[in-house]
Amino acid sequence: NNNNSTRTQEPPSPALALLFEAMPEVLRSSVVDFMGKSAPMIDDGKLLLAAHRMMLWRMKGSVSMWTRALLDGFVLGGKIHLLIDLTANNATPLINQLQSEETRKGAFELLRYLLLGC
């Protein structure tokens, strides 16, 4: 378990964030559907680890939209309980991003989604 807590402290991958930034928006519904079908077969801890790291990305451009697509996939796959953990543990980093004009819109959209419901 100590190894797992070390992994959660690793910074998010900027290369993966750039990949999401480059993906065309027309793929969004396919990503949500794929995640919805895959989420039930993936361990909750692994899903949370991936989502926690994504929530630490700078929410600029389309990164917030893709992060939201992942969360929509969780809901579709019956993993809505994971959103409770994400809300409890990722609200502060998202609130901090509200201070930057560059990330404000994306951070606000994710906070609204997590706090007001999906």
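The structure this text deals with has already been given above.
Note that this is a predicted model, so its numbers are computed, not measured.

Novice: Tell me what's going on with the environment of Leu18, and back it up with residues and numbers.
Specialist: Secondary-structure assignment places Leu18 in helix 2 (residues 14-22). Spatially, the C-alpha atoms of Leu18 and Val63 are 8.2 Å apart, while their sequence positions differ by 45 residues.

Novice: Before we move on, could you go through the layout of surface pockets and cite the residues and values that matter?
Specialist: Its boundaries defined by the atoms lining it, the largest pocket holds a volume of some 280 Å³. Lining the largest pocket are 18 residues, with Leu16, Phe20, Ala50, Met54 and Leu70 sitting closest to its centre. Where the lining of the largest pocket is concerned, the elements lending two or more residues are helix 2, helix 3 (28-38), helix 4 (44-55) and helix 5 (63-76). A total of six residues in the lining of the largest pocket trace back to one element, the largest contributor, which is helix 4.

Novice: Could you give an account of helix 7 (residues 101-116), naming the residues involved and the relevant values?
Specialist: For helix 7, which comprises 16 residues, the first-to-last C-alpha distance of 22 Å matches the rise-based estimate of 22 Å (1.5 Å per residue) to within 8%. Along helix 7, the sharpest kink reaches roughly 25°, centred on Ala107. Of the positions making up helix 7, those classed as buried are Thr103, Gly106, Ala107, Leu110, Leu111, Tyr113 and Leu114. Where helix 7 is buried, its residues touch helix 4, helix 5 and helix 6 (81-97). Looking one or two residues beyond helix 7, the residue adopting positive phi is Gly117, at roughly 105°.

Novice: Report on the pattern of salt bridges, specifying residues and quantitative values.
Specialist: Inspection of every chain in the model, using the stated rule, returns five salt bridges. Lys79 serves as the salt-bridge partner of Asp44, at 2.4 Å between the closest nitrogen and oxygen. You can see Asp44 sitting in helix 4 and its partner Lys79 sitting in the loop between helix 5 and helix 6, a full 35 residues away along the chain. One salt bridge connects Lys60 with Glu102, and the closest N-O pair in it is separated by 3.7 Å.

Novice: Which residues make up the nonpolar core, and what values do they have?
Specialist: A general feature of soluble globular proteins is that nonpolar side chains tend to end up buried together. Leu71, Phe74, Leu86, Leu94 and Leu114 are the most contacted members of the largest nonpolar core, which has 29 residues in total. Taken together, the elements giving at least two residues each to this core come down to helix 2, helix 3, helix 4, helix 5, helix 6 and helix 7. Considering every element that reaches this core, the biggest residue donor is helix 5, with seven residues. With residues near it in sequence (within four places) discarded, Leu94 still touches Met55, Met59, Ala107, Leu110, Leu111 and Leu114.

About the cut-offs
All residue numbers refer to position in the chain's written sequence, counted from 1. With pLDDT at 70 or above as the cut-off, local features in this predicted model cover only qualifying residues; side-chain atom pairs require 80 or more to be listed or tallied, and sums for whole chains, interfaces and linings still use all residues. With hydrogens and water set aside, each side-chain value is computed from the structure's full complement of heavy atoms. Secondary structure elements are taken from DSSP: a helix is a run of H or I of four residues or more, a strand is a run of E of two residues or more, and numbering for both begins at the N terminus. A 1.4 Å probe that fits but cannot get out identifies a cavity on a 1 Å grid over protein atoms alone, an open set with protein on both sides within 12 Å along at least five of seven lines counts as a pocket, and a residue lines either if it has an atom within 4 Å of a point. Grid points are joined across faces, edges and corners, and a volume is the space filled by probe spheres set on the points. Helices are assigned an expected span. That span is 1.5 Å times one less than the residue count. What is called the bend at a residue is the angle between a pair of axes, fitted to the seven residues leading up to and ending at it and to the seven starting from it. Only protein chains enter the accessibility calculation, which uses a 1.4 Å probe. A residue is then buried if its area is under 20% of the maximum for its type, exposed if over 50%, and partly exposed in between. Residue contacts are defined here by distance: any two heavy atoms, one from each residue, within 4.5 Å place the two residues in contact. Here a salt bridge means any side-chain nitrogen of Lys or Arg lying within 4 Å of a carboxyl oxygen belonging to Asp or Glu. Here, the term nonpolar core denotes a set of buried Ala, Val, Leu, Ile, Met, Phe, Trp, Tyr and Cys residues that are joined through side-chain atoms within 4.5 Å.

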